[in-house]
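Listed below are the residues making up each chain.
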Amino acid sequence: MSAAPMWKKLLRVDVALLILACLLPVVDQRWHLDMVDPMRGVMVFAILALGLNIVTGFTGLLHLGMAAFMAIGAYAFAISSCDIYPFQLGFWWAMLCTAIVGAFAGVLLGAPTLGLRGDYLAIVTLGFGEITQDVLKNLDVITKGTQGINPLPSPHVPWWTATGFGMLEFTSEQELPWYWLFLGFVVVAVVVCRNLERSRTGRSWLAVREDELAARCMGIAPVPVKMIAFATGAALAAVSGGLWVSMYSSTGEPGNYDFQVSILALCIVIVGGMGSINGVLVGAIAMLGLANIALPKIASAMQSAGWVSSGSVFGSPNNWKYLVFGLVLVVMMRVRPDGLLPAKLSIVNAKKKNAVEPAP
Amino acid sequence: MIVSQAAVSESVAPVAMGWGDVLSQQLITGVSNGMIIALIAIGYTMVYGIIELINFAHGDLCTLGSFLALTLVGALGMEAWAGLGGTAAVITLLISAAVFCGALNWTIDRVAYRPLRGKPKLALLVSAIGCSFILVNIALFWGGLPMEVFGGGNQAAAPKDFPSLISNENLLGAKSAITVTWRDLFVVIVTVPLMIGLTWLVKSTRLGKAMRAVAQNPTAAALMGIDVNRVIGSTFLIGGALGGFASVIYALYNNTISFQMGYRTGMDAFTAAVLGGIGSLPGAVVGGIVIGLVRALSDGYIEARWTNSVVFGILILTLVFRPSGILGAKLREKV
C-alpha cells in the first residue's frame, strides 16, 4: 500500500466527490442548473445517514427512528439559541449543545433497549420516533406545537469577511454560504466516521455486527459497544437536524420529522451500501437527487407534455416519494443487498492482508 | 378516526351520563375497536409465527381493502340498496375485500419475501417496509380516482367518507344513557365466527398442522414432505383475507378511511400482537381487545392527543420487560 504513488492514493470516491462539490457552485452559476439549493438538502441528509450508518451499517442494528434524533437536534438547537428562551447561545455553542443533547438522547433510548433482538429493537426505535413526534407536538408550552420555533440565529464565521466571502451573508435568500458551511460539516463528519471506523471502538462495532457471540468471547462487551454506536449516531443525526433548522431559521412543525424521514435515511444507507462511508455519500446524492431533483423535473416535464394536469394526484412529485422509496428498498434487497458501493468487509480481510505483508 | 368515534357517541348521548355510564360507553367502544384490531393482529402474528417477519405491509394492505370496498360501493351504487339489499351489500364487500387482500398478500410474499428466504432477517424486514410504502402510494393514487365516492378525485390525500351502510341506531332505545349500535353488534357477529373458524383451521385441518410444523422447524417440516413455500403462501393468504374482512369492518364502523390509516391501525395491531405474545393466536385476540380498551380509556380519561403515545409506550414496555407477551409465556425464544 505504501508503495502506491500519490496520485493513485488520491483516486478515491470521497476525494472525487469533494472536488465535484467544490466545482458545483461555479458550474451552477455558469449554466443556471439550480443545483445548489437541493444539494444543501443532500448534505444535511448525508450527515443524518452517516449517523444511521454507524448504528445500522457498522453495528448492524436496524434503526427506524433516526428522524426522532434529527427532531431532538432541531429542537435542542432551537431552544438553546432562539431569543424567546433564556439560553440564547450563538450558532456554534448551540450546535455543540445539540450534539451533546443528541448523544444523551441516544443513550437514553439505548440503555433499556439494546439487549433486545434485532427486529424488536427496530420496532422500539420506531415507537420512539412516533412518541418523540407526539411529545414535540403536544408539549406546546415548550415547543410551540405545530407553529415551530423561530427565528434562529445564523452562524457567525470569524474569518469569513476577511477572505472575500464577506459578500455572502447567511440569510435565507443566500444559498452559497450555507452550501459551504454544510460541505464543511459533511467533511468533518466523514473524517470523524472514518477515524471511528478504524479505532478500537469501530472494530468492536464490526465485530459485534458480524458475530456477537464471537465478539463476546474476545472480551468485547456488546451492550456498551452498541451504546457508543447509538450515542454517536444520534449526535450526528442531531447535528443534521440543527443545521437543517438553522438554514430555515425555524424548526417547522414536528410532523416534518416523521417515519418517512427515518426511511429516507435508511434508503440512503441501503442504496449506498451498509457500512460504507463513501456509499452513504453516493446514496445521499442518489436518493435525494431522485426525490428532490429528478422527481420535480419529471413531474414538470409530464405536465408540460400534457400527460397529467397540475391538479391531478400524479402531477405532484411529492406523491411519488413513497413509491420510489418503497421500490428502492424492495428492489435493492432482491438485486443488490450490499448497495452501490459495498463496504470492504471487514476486519477479517484486513487482518489477512496485514499478515501477508512482510514485517518492517 | 377511532378518536372521533368515541367523541361522537359521547356527545350524542341524550341523557346526562354518570361516571359509570361513561366508563361502560368507553368499554363498549373499546371492545368493538379492539375486535377489529385483533383481526388485523392475527395477520401479523400468523406471519411472524411462521417466518419471523414483522410484516410491515399488513396494515397498508388493509387500507387497500377499504379502498376497494369504497370503490365497489360507488360503482354498484350500494347506498341505495335497501333492506335485505343492505345486508347483501355488506356481505359482498366483506367477501370481495377478503379475496382481494388475501390474493394481494400472497402476491407480495411471492414477489418480495420469498426470494429472500434464507437471507438475513433484516433484509426481509427492510423489504417489508418497502412494500408498505408502495402500498401507501397505491392507496394515495387510488384516492385520486375520478369517482363521486372519492370526492371526484380532486383531493386524493384527503380522508374519504365511507357511506354508513349499517345503521347507527341505539339498540337500547333512544333514552338509554349507553349507546350500543348495530355497528357494535356487527363487529362482534363477523369477527367471532372468523376467529373460531381460524382456530379450527389451525388446530384441526391438514393445512393447519402443516403450518404449525413449519412454524416449529421449517427444515424438519420440509423433510417430512411438507411444501414449505406453499404453506407459507397459504399463511399469507389467510392472514391477508382476515385483514380484508377487518378493513371493511373498520370502514363501516368508523365511516372514514384515508390512505395513511394503515400505518396507525397497523401499529395498533402489531402492538396487540406483541402484547398478547407474538406467534400466539389467542394472544393476538386478547392483545387486540386490550389495546382497543386502552385506546378508548386513554381517549376518555387522559387526552386523545396522547393516545398514540400511550399505545407506543405499551409496545416499548412490553418489548423491554416481557417480550413473550401476556399469553406467550411458553413461547420458545428462537435464535
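Residues numbered from 1 in each chain as written. Chains lettered and ligands numbered in written order. Predicted model: local features only at pLDDT ≥ 70, side-chain atom pairs only at ≥ 80, totals over all residues. Heavy atoms only, no water.

J.: Even after reading the chapter, I still don't get empty space enclosed by the protein, so can you show me in this structure?
T.: Where empty space is left becomes clear once a probe the size of a water molecule has been rolled over the atoms. Taken as a whole and assessed by the stated rule, the structure comprises four cavities of 30 Å³ or more. In this model, the largest cavity occupies a volume close to 70 Å³. What lines the largest cavity is simply A:I123, B:Y44, B:I54, B:F56, B:G59, B:D60, B:S132, B:G262, B:Y263, B:G266, B:M267 and B:F270. When contributions to the lining of the largest cavity are tallied by element, the ones reaching two or more residues are α3 (57-76) and α10 (261-276) of chain B. Residues of the lining of the largest cavity, tallied by class, amount to seven nonpolar, four polar and one charged. The set of elements that each furnish at least two residues to the lining of the second largest cavity consists of α4 (66-81), α6 (118-138) and α12 (259-272) of chain A. (1 Å grid on protein atoms, 1.4 Å probe; cavity = no way out; pocket = protein on both sides within 12 Å on 5 of 7 lines; lining within 4 Å. Points joined across faces, edges and corners; volume = space filled by probe spheres on them. Helix = DSSP H or I, 4+ residues; strand = E, 2+ residues; numbered from the N terminus. Nonpolar A, V, L, I, M, F, W, Y, C, P; charged D, E, K, R; others polar.)

J.: Looking at this structure, how should I read the interface of chain B and chain A?
T.: Size of an interface, as often reported, equals the accessible area lost when the parts are brought together. Across the contact, 44 residues belong to chain B and 40 residues belong to chain A. Summed over both sides, the interface between chain B and chain A buries roughly 3,800 Å², with carbon and sulfur atoms accounting for 75% of that surface. Taken as a group, B:V126, B:F133 and B:F141 account for 18% of the area that chain B buries against chain A, more than any other trio of residues on that side. Taken together, chain B and chain A are joined by one salt bridge. At the boundary of chain B with chain A, the tally comes to eight residue pairs in polar contact (both at pLDDT 80 or more). At the level of secondary structure, the elements contributing two or more residues to the side of chain B that touches chain A comprise α4 (84-113), α5 (121-142), α10 and α12 (307-321) of chain B. Among the elements that take part in the side of chain B that touches chain A, α5(B) stands out by supplying 15 residues, more than any other. Taken together, the residues that form the side of chain B that touches chain A break down as 30 nonpolar, eight polar and six charged. (Contact = heavy atoms within 4.5 Å. Buried area = accessible area lost by both parts, 1.4 Å probe. Salt bridge = Lys/Arg side-chain N within 4 Å of Asp/Glu carboxyl O. Polar contact = N/O pair within 3.5 Å; in protein donor to acceptor, adjacent residues only side chain to side chain.)

J.: What should I look at first to understand the confidence of the model for chain B in this one?
T.: Regions with low pLDDT carry predicted coordinates that are not meant to be interpreted in detail. All names here are of chain B. This prediction gives chain B a mean pLDDT of 85; 92% of its residues lie at or above 70. The secondary structure element of chain B with the lowest average pLDDT is helix α1 (residues 2-12), at 46, and the one with the highest is helix α9 (residues 228-254), at 93. A low-confidence stretch, residues 331-335 stays under pLDDT 50, and its non-local contacts, those more than four residues away or across chains, total eight contacts. (pLDDT = per-residue confidence, 0-100.)

J.: Would you explain the nonpolar core in this entry?
T.: One recurring pattern in soluble globular proteins: nonpolar side chains tend to sit buried together. Ranked by size, the top nonpolar core spans 214 residues in total, and within it A:L64, B:I42, B:F56 and B:Y113 carry the most contacts. In this structure B:I42 touches B:M195, B:L198, B:L242, B:L281, B:A284 and B:V285, once residues within four positions along its chain are discounted. (Core = buried A, V, L, I, M, F, W, Y, C linked by side-chain atoms within 4.5 Å. Buried < 20%, exposed > 50% of the residue type's maximum accessible area, 1.4 Å probe, protein only.)

J.: How should the environment of A:L17 be read in this particular structure?
T.: Residues and elements named next belong to chain A. Tracing the backbone shows L17 in helix α2 (residues 13-31). Separated by 265 residues in sequence, L17 and V282 place their C-alpha atoms 8.5 Å apart. In contact with L17, other than residues within four places in its own chain, are L281, V282 and I285.

J.: Is there a simple way to think about the pattern of salt bridges in this case?
T.: Tallied over the full model, the rule gives ten salt bridges over all chains. Taking the shortest distance from any N to any O, the salt bridge between A:E130 and B:R264 comes out at 3.6 Å. In this pair, A:E130 is assigned in helix α6 and B:R264 in helix α10, connecting two distinct chains. The class for A:E130 is buried, based on a relative accessible area of 9%. For the salt bridge of B:K121 with B:E52, the shortest nitrogen-to-oxygen distance reads 3.1 Å. Within this pair, whereas B:K121 is found in helix α5, its partner B:E52 is found in the loop between α2 (19-51) and α3, the two being separated by 69 residues in sequence. We classify B:E52 as buried; its relative accessible area is 16%. One continuous salt-bridge network, built from bridges that share partners, spans A:E212, A:R216 and A:K226.

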